[in-house]
Amino acid sequence: MWRAGRVLRLRLTATAEASLCSSKPAKPSLSTSPQSNCSPRAQAEKQRRRREREEDILSNARSAAKDEAVIWSEKQKTVYAAQMPPGTKKDTLSPFPSSYCPEYVESSWYQWWEKEGFFCPEQHEKLCHRVDQTFALCMPPPNVTGTLHLGHALTVAVEDALVRWRRMQGYRVLWVPGCDHAGIATQTVVERRLLRDRGKRRQDFTRKQFLREVWEWKKETGDEIYHQLRRLGASLDWSRACFTMDPAFSRAVTEAFVRLSDSGLIYRSEALVNWSCALESAISDIEVDSKELSGRTMLSVPGYDEEVEFGSLLTFAYPLEGQDGEVAVSTTRPETMLGDVAIAVHPDDPRYQCVHGKQCRHPFTNQLLPIITDSMVDMELGTGAVKVTPAHDHTDFLLSQRHALPRITVIGGDGTMTPPCGKWLEGVKRFDARQMIVDALVEKGLFREKKTHPMTLPVCSRSGDIIEPLLKKQWFVSCEKLAEKAIQAVEDRQLEIIPHYYTKTWNNWLSNISDWCISRQLWWGHQIPAYQVAFPNSSNKQEELWVWGQNEDEARQRAAVKYGVKPEDITLTQDPDVLDTWFSSGLFPFAMLGWPEQTNDLQRFYPSSILETGSDLLFFWVARMVMLGTELTGQLPFKQVLLHSMVRDKHGRKMSKSLGNVIDPLDVIHGVSLERLQQKVKEGNLDPRERLVAMGAQKKDFPKGIPECGTDALRFALCSHKMQGEDISLSISEVLSCRHFCNKMWQTLRFTLGVLGDNTTPVETLEETSAVSSLDRWICSRLYSTVVECETALEAYELHAVTSALYSFWVHSLCDVYLEYVKPVLLQQEEAALVLPDRQAATSILYHCVSTSLALLSPFMPFITEELWQRLLPFRPQAAAQATLCLQPYPCSSQLAHWHFPEEEKDFLLVQEVIRVARSLRAQCAMTKEKPAMWAVCSPSQAKVLHHFGSAVWTLSRISSLHIYSPGAEPLLQVHSTPPPVGSLVGVVDHTCQLHLYVQSGMNVDKQILQLGQRRDKLVPKLEKLLCRVQSPDSLSKAPAHVRQQMDTKTSALQQELKAIDEQLKVLQETRSKE
């Protein structure tokens, strides 16, 4: 297991992933643990980068880099104070608060949704827009011991967005919540509690008594995870909530074990497993953390008063038997040398040609150790000779199979040395024995050297103990045939893995899979339904006889048939071990629906439509679900696997309890002080340096704590990241920005409600509403295009593209352009008779843009969209089909086809650039209220566009008049025949369009000259760089035509702008000289 502690490197292609189902007795993986070592140089480089990140965090924290911190100010809170029974619909007729407050918005809605049963698939029959399609998925069941972190929040945000979207589309939707019993984690938590509160250990109770204590703990705290899921707005069907230790689920686990055992896929054998001496149990690879050591390091280990040294490579010699000489070997684990049974060298190594077939004498056990040859030994590492300890190393276990070597266990399950070590070491703790053995080697003159050595140390994530590979008799799942079916399912496209590049990883890992150890030496969990058989007066005590069954009576009947004896003559003893938690969670997609019973839910919702989870669970959970589901139900458990990336902190570090950088999503939702964040780190079990780094990062990132951002902002921020690709480095600043977006939505609704409240004519239906003005047509078409973007992206599960499109429409199209344009029309009361037709059309268009956008945003931001939609409801032209937005039809492009004006959208791109440049010119003159005249000198086609959108240009550019000068324009087009006045301020839109802002007085000439000079200084190097690219041979010969065209256009625009600047500078300098 500790490849870093050995000088043996195997020349095989087994990948590190092959360890995730360890260990297979017939074919042990050569990388059977997450601690498989890379080269010392690579480890040192990895450690160096980590140190650099830590030093950067600490140095920046000391210097208080405020520019990178989350900048925010405390907002005034509004509280929803209506005294109503839980589950009552929120009162949206109350006064509309002046500003957005997450606490106000997110109160009461979830209780109402849940009480009304909106999240149950039975609601499907009540939908007028229902379709005969099903969408089902299960949430990765979080541990009953845990609290949610941002990784969980990402899972909830993504899955709930998909679930709400399909529900609004009229699908029959089932999303089942679940909770995993988390065998090791739960037992550890309860043991600590009993020791703290009562001073008792697990061994002070009977198994039955201890399990009663666990259930009591679960009753007190087990629903906390469900509360957090509700707080995140997860639209789960709580009536079907599933706990992996529920009676029905436990029956499914027993049935699965019996069926797999009957088919020969579960067997019992002796093999090396990951063993935690502190827990006295085998553990899964996902419960093993890899601790990188750059060299000699002192660490605290459970059960030891003093720190233990790791990261040192020790070399000692074995004397040759019957002749002078010795063979030197190196190890980081000298305590295992009592279990050495051989020394291995490469057959072609010239240094050891003369000792092939010879023997060495063990200095402590006096046993003879054969010198064997094997081509897997790397001659270039260490001394080129390696000690072989089959009972404590996965690679050595393989060598023992190849060379028929014995296996001597020298470390027991409790971490003490065993009798074969001799009286002087028997019962001594393993790391105490380490020093005793080194001292004894020195005394015998066999110790050669000790040097620092980079290594990866396997640590139990539950107990903090150092993992020990131990040889144990355990139950295993034979994975080879199951894996072949899983590979074939992907190759035949029956199962799709998204992103597709994970398919190669899937195939590589399953092709090299090892058998799966499913035994755990715990009390909490599903006790293995296998029974050891004993007969009265039996003389054979060595051979183990086993049967299995749904219960003891069935097992007894099976044993009677199997061994040809009477049932009453059989003594059965159930295996005290429990099944690996991953075994039960691997059954979740069908066990949650009632399997093995053929329930209505199982027939209707299995297989699931999709499985969405983190990419780190592809093998631990997804592969096992596929293997077990295919074998036990005859069907794949789901049709698609959607994998999201890992969430990292803003410094790029994996969020981990061991680093102290985990962020509780509830702290982001409700806000938290820096003091409370620091207290959480202090309460964790971190080593001093990690604690210092974690607290330093908090001081740097959150000097004032984390502001209250709300659930909607957090979900929107998480979904805004591209989840099918690079890891997500989420910063709280992004979430805060999404809260600002919520406030933008809030203020838009305030304005809209004000307009609707003053409107005496009802809003027209979507079908009846037609766009009158050019800008009406543009905003309608932008909404249509946004709906199309959402449809396409949702079908491809590209949620970041959906959120980007919706944000862009609401902020940049609806608010920045359309609202600014129609405000004068909608608020112009004194000339109502003149503007009434435009006002009525604009009011209806505004209503439908807002209402449709809220529906589009609902899957991502369920609380604020429900709140705002309910407040719009009284103005709806037709009665709503459902009482809640989350059951309304999701907008589709076919409903908005009459609002599609692609030419308007294309043309308005020019208008937006004109408005941008015009505002920039106003800013140069420091204009606030003045509205100067503006000339646009442009091509005939541009003149046509600007004339068409003339009113929008006037309003949004804040000018008094727009004069279009276009030599060669059509006679019918209203353009000016005279050029702009000399001395105007010039801005370049593109190479064929310039704006001239005529400022008659009040212009600060010196300031204008300074600003234009600064602008020129920026443009000159840009142009030079662009000219180099355009004129380079590669550009002329290799660049596609459209790329060359784009570069030519950019070059021409820059040249035009520089020319205009030079002309303006000349005029301004002349003006200054006259003054």
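Residues numbered from 1 in each chain as written. Predicted model: local features only at pLDDT ≥ 70, side-chain atom pairs only at ≥ 80, totals over all residues. Heavy atoms only, no water.

A.B. asks: Looking at this structure, how should I read the overall build of the protein?
C.D. replies: Helices and strands together make up the secondary structure of the protein, namely 32 helices and 33 strands. Burial statistics for the protein: of 1075 residues in total, 56% are counted as buried. Nonlocal contacts in the protein, meaning residues at least 24 apart in sequence, comprise 78% of its contacts between residues at least 6 apart. Surface summary for the protein: the accessible area is close to 46100 Å², and the carbon and sulfur share equals 50%. (Helix = DSSP H or I, 4+ residues; strand = E, 2+ residues; numbered from the N terminus. Buried < 20%, exposed > 50% of the residue type's maximum accessible area, 1.4 Å probe, protein only. Contact = heavy atoms within 4.5 Å. Areas by Shrake-Rupley, 256 points an atom, 1.4 Å probe, with all protein chains shown as cover.)

A.B. asks: What is the right way to look at helix H30 (residues 1005–1031) in this model?
C.D. replies: The α-helix advances 3.6 residues per turn, and as a result positions three or four apart in sequence lie on the same side. Compared with an ideal rise of 1.5 Å per residue, which puts 27 residues at 39 Å, H30 spans 38 Å between its outermost C-alpha atoms and is within 8% of the ideal. Within the span of H30, buried status applies to Val 1005, Gln 1008, Ile 1009, Leu 1012, Leu 1019, Leu 1023, Leu 1026 and Val 1030. (Expected span 1.5 Å × (residues − 1).)

A.B. asks: Looking at this structure, I do not really get the packing of helix H22 (residues 732–758) against helix H26 (residues 862–872). What am I missing?
C.D. replies: If you want to describe how two helices pack, look at the angle between their axes and the distance between the axes. Viewed as axis vectors pointing N to C, H22 and H26 meet at an angle of 5°, and their least axial separation amounts to 11 Å. Compared by their axis directions, H22 and H26 come out roughly parallel. Across the interface between the two elements, Cys 742, Met 745, Trp 746, Leu 749, Thr 752, Leu 753 and Leu 756 from H22 touch Ile 864, Thr 865, Glu 867, Leu 868, Arg 871 and Leu 872 from H26. Here the residues of the contact of H22 with H26 are counted per class, giving nine nonpolar, two polar and two charged. (Axes fitted to C-alpha atoms, helices over the stretch in contact; angles between N-to-C directions. Parallel < 35°, antiparallel > 145°, perpendicular 65-115°, else oblique. Nonpolar A, V, L, I, M, F, W, Y, C, P; charged D, E, K, R; others polar.)

A.B. asks: Sorry, what's going on with the sheet that holds strand S11 (residues 326–331) here?
C.D. replies: Here three strands make up an open sheet; going across it, the order is S11-S10-S16 and the pairing antiparallel. This sheet does not close on itself; its edge strands, each paired only once, are S11 and strand S16 (447–452). Adjacent strand axes in the sheet meet at a mean angle of 20° when their direction is disregarded. Strand direction decides the pairing type here: strand S10 (residues 312–319) and S11, joined by six bridges, are antiparallel. Paired with Phe 316 across the strands is Val 329, a residue of S11. (Pairing = 2+ DSSP bridges.)

A.B. asks: Please explain the environment of Ile 372 as it appears in this structure.
C.D. replies: Of note, Ile 372 is situated in strand S14 (residues 368–373). Distance from Ile 372 to Gln 359, taken between C-alpha atoms, is 9.0 Å for residues 13 residues apart in sequence.

A.B. asks: Please clarify how the sheet that holds S14 should be interpreted in this entry.
C.D. replies: Pairing between the strands of a sheet is mediated by backbone hydrogen bonds and can be parallel or antiparallel. Judged by pairing direction, the sheet is mixed, and its four strands sit side by side in the order S13-S14-S12-S15 without closing on themselves. With one partner strand each, in any of the chains shown, strand S13 (359–361) and strand S15 (385–388) form the two edges of the open sheet. Looking at each pair of strands side by side, their axes are set apart by 30° on average, direction ignored. Bridging between strand S12 (residues 342–345) and S15 involves four bridges; their strand directions are antiparallel. Across the sheet, the residue bridging to Val 345 is Ala 385, located in S15.

A.B. asks: How should the pattern of salt bridges be read in this particular structure?
C.D. replies: Pairs may arise between side chains of opposite charge once their charged atoms sit close together. In the structure shown here, the tally under the stated rule is 45 salt bridges. Here Lys 423 makes a salt bridge to Glu 426, at a shortest N to O gap of 3.9 Å. With relative accessibility at 75%, the residue Lys 423 sits in the exposed group. A relative accessible area of 36% means that Glu 426 is categorised as partly exposed. A salt bridge links Lys 680 to Asp 664; the nearest nitrogen and oxygen atoms lie 3.9 Å apart. Of the two residues, Lys 680 sits in helix H19 (residues 674–683) while Asp 664 sits in the loop between strand S28 (647–648) and helix H18 (665–670), which places them 16 residues apart along the sequence. For Lys 680, a relative accessible area of 30% gives the class partly exposed. Of the residues examined, Asp 664 reaches a relative accessible area of 17% and is grouped as buried. Among the charged side chains, a salt-bridge network with shared partners connects Glu 122, Asp 237, Arg 240 and Asp 601. (Salt bridge = Lys/Arg side-chain N within 4 Å of Asp/Glu carboxyl O.)

A.B. asks: Please clarify how the packing of aromatic side chains should be interpreted in this entry.
C.D. replies: For the coordinates displayed, the defined rule picks out 35 aromatic pairs. On the numbers, 6.1 Å between centres and 70° between planes, the contact of Tyr 110 with Trp 113 is edge-to-face. Here Trp 113 and Tyr 110 lie together in helix H3 (residues 109–116), a separation of three residues that amounts to about one turn. Using a relative accessible area of 0% as the deciding quantity, one classes Trp 113 as buried. (Phe/Tyr/Trp six-rings, centres within 6.5 Å; stacked < 30°, edge-to-face > 60°.)

A.B. asks: Is there a simple way to explain the nonpolar core in this structure?
C.D. replies: Burial of nonpolar side chains together is a common tendency in soluble globular proteins. If you look at the biggest cluster of nonpolar residues, it comprises 167 residues, and the most contacted ones within it are Trp 810 and Phe 860. Looking at which element gives the most residues to this core, the answer is helix H24 (residues 799–826), with 14 residues. With residues up to four places along the chain from it excluded, the contact list for Phe 860 reads Ala 161, Asp 712, Arg 715, Phe 716, Cys 719, Leu 794, Leu 799, Val 802, Thr 803 and Leu 806. (Core = buried A, V, L, I, M, F, W, Y, C linked by side-chain atoms within 4.5 Å.)

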